[in-house]
Amino acid sequence: MSEAAAVDQYGLVGHPVAHSWSPFIHGLFAKSTAQDLGFRIFDIPPQHFRRDILQLFAGGIRGLNVTLPHKQSAADLVNELTPRAARAQAVNTIAFFEQSTLLGDNTDGAGLTADLERNLQFELADKRVLILGAGGAVRGVLGPLLERELREIKIANRTPHKAQSLVNEFADMGTIAASGFAELRGPAYDLIINATSAGLHGQMPPLPAGIVGDSTVCYDMSYGRVDTPFTRWAKEQHAARAVKGWGMLVEQAAESFLLWRGIRPNTQPVLEALAQHF
Ligand SMILES: NC(=O)c1ccc[n+]([C@@H]2O[C@H](COP(=O)([O-])OP(=O)(O)OC[C@H]3O[C@@H](n4cnc5c(N)ncnc54)[C@H](OP(=O)(O)O)[C@@H]3O)[C@@H](O)[C@H]2O)c1
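The notes below deal with the structure included here.

The rules behind the values
- Chains are numbered independently. Their residues run from 1 in the order of the written sequence.
- With the structure being a predicted model, the display of local features is reserved for residues of pLDDT at least 70 and the display and counting of side-chain atom pairs for 80 or more, all residues being used for whole-chain, interface and lining totals.
- Values reported for side chains reflect all heavy atoms of the structure, with hydrogen atoms and water molecules removed beforehand.
- Any residue with a heavy atom lying within 4 Å of a molecule or strand is counted as near it.
- All accessible areas in this document rest on Shrake-Rupley with a 1.4 Å probe, and a residue is counted as covered only by the protein chains that are shown.
- Only DSSP runs of H or I covering at least 4 residues are called helices, and only runs of E covering at least 2 are called strands; the numbering of each starts at the N terminus.
- Each residue receives one of three labels: charged for Asp, Glu, Lys and Arg, nonpolar for Ala, Val, Leu, Ile, Met, Phe, Trp, Tyr, Cys and Pro, and polar for the others, Gly being one of them.
- Note: two strands are recorded as paired if DSSP finds a minimum of 2 bridges between them.
- Axis definition: a line fitted to C-alpha atoms, limited for helices to the stretch in contact. Angles are taken between N-to-C directions and run from 0 to 180 degrees.
- We call two residues contacting when some pair of their heavy atoms lies within 4.5 Å.
- Think of it in three bands: with a 1.4 Å probe and only protein chains considered, a residue is buried below 20% of the maximum accessible area for its type, exposed above 50%, and partly exposed in between.

**Overview of the site of the ligand**
Neighbouring the ligand are 25 residues; Ala-137, Asn-157, Thr-159, Gln-203 and Met-221 lie closest to it. Notes on the ligand: free accessible area 920 Å², of which the protein chains cover 87%. Counting only elements with at least two residues in the shell around the ligand, the list comes to helix H7 (136–146) and helix H10 (246–261). Top element by residues in the shell around the ligand is H10. It accounts for three residues. Considering only residue class, the shell around the ligand consists of 10 nonpolar, 11 polar and four charged.

If you want it as structure tokens, here you go:
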């Protein structure tokens, strides 16, 4: 057995996924909690997802983080879903337990709300919230957001019928509205969350003026060393804050680590370490 195989192995699967910070984050978590583990990146295209994931678990991988475009395929693949993953019908964390059970969880919502509430001190109750996008990430965060007794929540998507499908799926948890981008109007929202992947291609959803005011917090789930197209736009609109998704990345990873290892690492040192890079 190779040295790499001697410790428990974990990883991240996505496509594309080459420049991920997850190995850095989980490496710091492992060190701070004295857990001996390895963490690697697997770039797997959609057509090979099922075959390659089953091979990874047959080969001894103990757990995987799952990122775009695989979150819904992962929900179909696993044997069991946690309640929050069943609600989302999207999985961003898989754990391999005894008797060959693959458990699917979704930690995106817990990651986002932890970053907003704990790290940014943003109180969600009674707020007007706009979400841009209707993909796997939105599936994960809608349930936890709807539990916060928001005043209003709207999902706007490039393909409006996908936003409407999410509204129908989550209607039992509260009132949600759906639209395309062009129909968006003021008054300004308290919080605008960009959950589109437009920024990965250097693009920005086409948003009208009037939806950002001087107390609006603009939160981009995407992240990078410099401003994303969305945070750049938010600053041009004079938003109160323009935040990149580093905190969500770290907090959702901490929740995954908890599922895998039974211990939730302290995220503050990791956030501070990342802040030194950016
Ligand atoms: N910080 C974190 O921890 C974290 C966690 C999860 C996700 N994310 C980020 O969140 C983003 C979404 O992830 P996902 O898993 O939901 O992806 P996804 O399932 O592939 O969904 C992508 C979404 O982006 C929209 N979109 C793509 N290109 C667009 C464009 N040029 N203009 C407008 N809308 C566009 C799609 O609209 P259509 O429906 O019209 O195709 C869809 O709503 C990604 O950037 C991902 O990295 C970050």
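**Here's the deal with the sheet that holds strand E11 (residues 217–220)**
Strand order in the open sheet formed by six strands is E9-E8-E7-E10-E11-E12, with parallel pairing between adjacent strands. In this open sheet, the two strands that pair with only one neighbour each are strand E9 (177–179) and strand E12 (241–244). Each neighbouring strand pair of the sheet contributes to a mean axis angle of 15°, computed without reference to strand direction. Bridge count between strand E7 (residues 128–132) and strand E8 (residues 152–156): five bridges; the pairing is parallel. Paired with Arg-128 across the two strands is Glu-152, which belongs to E8. On top of the sheet, helix H8 (residues 160–169) reaches E8 and E9; it is set at about 170° to E9, its chief contact.

**A short note on the environment of Ala-30**
Among the structural elements, Ala-30 can be located in helix H2 (residues 22–32). Residues Ala-30 and Val-243 lie 213 residues apart in sequence; the distance between their C-alpha atoms is 27 Å. Filtering out sequence-adjacent residues up to four positions away, Ala-30 remains in contact with Gln-35, Leu-37 and Phe-257.

**Examining the pairing of strand E6 (residues 101–105)**
Sheet faces and side chains relate simply in a regular strand, where the side chains alternate between the two faces. Burial analysis of E6 places five of its five residues in the buried class, which makes it a mostly covered element. Because side chains alternate across E6, one face comprises the buried residues Thr-101, Leu-103 and Asp-105, and the other comprises Leu-102 and Gly-104, equally buried. Relative to E6, strand E5 (residues 93–97) runs antiparallel, the two being bridged by five bridges. Each bridged residue has a counterpart across the sheet, and for Thr-93 the counterpart in E6 is Asp-105. Hairpin connection, E5 to E6: the antiparallel pair is bridged by three residues, and Gln-99 has positive phi, about 55°.

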